[in-house]
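A look at the structure
The residues making up each chain are set out below.
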Amino acid sequence: MAGKKIVLTADRSLMTNYRGNFLYGFIACGPYELVPEWVFDKVFCPPVETDPNTGEAKVAQCGLRRVEGALLRGYKREDIFIANPDMLEKCIGEDTKVVGINVMDPLGMAPVTTTMSPEKLSYIAMKFKRMCAKIIQLKKQYNFKVLVGGNGAWELAKPDRMRIHGIDTVVIGEADEVALDLFQDAEKGDIPPLLHTFVRSIDNIPEIQGPTVNSLIEAMRGCGRGCDFCDVNKRSKKDFPLERL
Ligand code: SF4
């Protein structure tokens, strides 16, 4: 199978519209071992609208759309594909060079998950593991690189965790400015295993080019209050001008 050159995706617990209620996203942090999977899959986290023939997701998280927007500065539209994670075999093939994954809490280490699923495998972590198992299988057939970024990327930034999940590079921070160079370098096989990066100018944050889950938009980044323990606080506070919203 030919496959798409650049495939962007996220695990199934993120590729959902949560029935229009983002509070259901907290339920995705619940224990997979105690609640039947279909309850999560069908009741709280139904899959995003997807083309059943190609596996293309019609809506995506804002973070994936942001990376897509950055890549469109250098790639053709037809080279970039946003995929439903349950249908990766429909779009990954011989021509696939890079798979980009957006993560929120891939190993279930964030506060909500450790509160709702103490000592248990959470739905969100189970779905991430299952997606990675599929990607590892596909990697054995095809020669592509796997890049991971997003708010929960820090959880994967250890060599053993990357190896287990089939990841080549973890990007921590804001990838807007470097995404295009990074994917082009990944195509050549020339990428570092770990990258910390932050946006220098709000003008360099690309505009999104497609619909987001529940029409979510990004109005600001960072926080500005300065709590020492907070990951959000690592990013400088940026407010998007009204004309960009
Ligand atoms: S820095 Fe973090 S914890 Fe503190 S107010 Fe902002 S978002 Fe909340």
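This text gives an overview of the structure that appears in the document.

What follows concerns the packing of aromatic side chains. Within this structure, the stated rule accounts for three aromatic pairs. Consider the rings of Y18 and F22, whose centres lie 5.9 Å apart with planes at 55 degrees: the pair is tilted. Under the relative-accessibility criterion, F22 is labelled partly exposed at 38%.

Moving on, we get to the sheet that holds strand β1 (residues 6-10). The parallel open sheet is built from six strands, whose spatial order is β2-β1-β3-β4-β5-β6. Whereas interior strands pair on both sides, the edge strands pair on one side only; in this sheet they are β2 (80-82) and β6 (194-197). Here the strands of the sheet are splayed against their neighbours by 20 degrees on average, with no regard to which way each runs. Pairing between β1 and β2: three bridges, direction parallel. If you follow L8 over to β2, its bridge partner there is I82. The strands that helix α3 (residues 62-71) touches are β1, β2 and β3 (98-102); relative to β1, the one it contacts most, it runs at about 165 degrees.

Right, let's get into the nonpolar core. I6, L8, L71 and F183 are the most contacted members of the largest nonpolar core, which totals 31 residues. When contributions to this core are tallied by element, the ones reaching two or more residues are β1, α3, β2, α5 (123-141) and α7 (179-187). Top contributing element to this core by residue count: α7, with five residues. Not counting residues within four places of it along the chain, the set of residues in contact with L71 comprises I6, L8, I80, A179, L180 and F183. L88, Y142, V170 and I172 belong to the second largest nonpolar core, which has 24 residues in total.

A separate point is the packing of helix α2 (residues 37-44) against α5. Running from amino to carboxyl end, α2 crosses α5 at an angle of 95 degrees, the nearest separation of the two axes being 11 Å. Considering the angle they form, α2 stands roughly perpendicular to α5. Within the contact between the two elements, α2 uses E37, F40 and D41 and α5 uses Y123, M126, K127 and R130. For the contact of α2 with α5, the class distribution of residues is three nonpolar, no polar and four charged.

Turning our attention to the environment of L194. By the element assignment, L194 lies in strand β6. Look at L194 and you get partly exposed, because its relative accessible area is 37%. Taking the C-alpha atoms as reference points, L194 and K134, 60 residues apart in sequence, are found 23 Å from one another.

What follows is about the pairing of strand β4 (residues 145-149). Looking along a regular strand, one sees side chains alternate from face to face of the sheet. Counting buried positions along β4 gives four out of five residues, so the element sits mostly inside the fold. Pairing of β3 with β4 involves five bridges; the strand directions are parallel. Bridging across to β4, N102 finds its partner in G149. Here two bridges tie β4 to strand β5 (residues 169-173), and the two strands are oriented parallel to one another. Residue pairing across strands places V148 opposite V170, the latter belonging to β5. Taking the sense of rotation as the criterion, the β-α-β connection linking β4, helix α6 (residues 159-165) and β5 turns out right-handed.

Attention now moves to the pairing of β3. Of all five residues in β3, five are buried; the element is thus mostly enclosed. Of the two faces of β3, the one holding V98, G100 and N102 and the one holding V99 and I101 are both buried throughout. Here β1 pairs with β3 via five bridges, running parallel. Residue pairing for β3: V7 is matched across the bridge by V99.

This part takes up the pattern of salt bridges. Between side chains of opposite charge, a pair can form as their charged atoms come close. Under the definition given, this model contains 19 salt bridges. For K127, the salt bridge is made with E37, and the minimal N-O distance between the two is 2.8 Å. Residue K127 is found in helix α5, and its partner E37 is found in helix α2; the two are separated by 90 residues along the sequence. On the basis of relative accessibility, which here comes to 6%, the residue K127 falls in the buried class. Between D239 and K237 there is a salt bridge, with the nearest N and O atoms lying 2.6 Å from each other. With a relative accessible area of 44%, K237 lands in the partly exposed category. Because the salt bridges share partners, they merge into one network encompassing R12, E37, D41, D86, K127 and R130.

The rules behind these values
- Residues numbered from 1 in each chain as written.
- Predicted model: local features only at pLDDT ≥ 70, side-chain atom pairs only at ≥ 80, totals over all residues.
- Heavy atoms only, no water.
- Phe/Tyr/Trp six-rings, centres within 6.5 Å; stacked < 30°, edge-to-face > 60°.
- Buried < 20%, exposed > 50% of the residue type's maximum accessible area, 1.4 Å probe, protein only.
- Pairing = 2+ DSSP bridges.
- Helix = DSSP H or I, 4+ residues; strand = E, 2+ residues; numbered from the N terminus.
- Axes fitted to C-alpha atoms, helices over the stretch in contact; angles between N-to-C directions.
- Contact = heavy atoms within 4.5 Å.
- Core = buried A, V, L, I, M, F, W, Y, C linked by side-chain atoms within 4.5 Å.
- Parallel < 35°, antiparallel > 145°, perpendicular 65-115°, else oblique.
- Nonpolar A, V, L, I, M, F, W, Y, C, P; charged D, E, K, R; others polar.
- Right-handed = clockwise from strand over helix to strand, strands pointing away.
- Salt bridge = Lys/Arg side-chain N within 4 Å of Asp/Glu carboxyl O.

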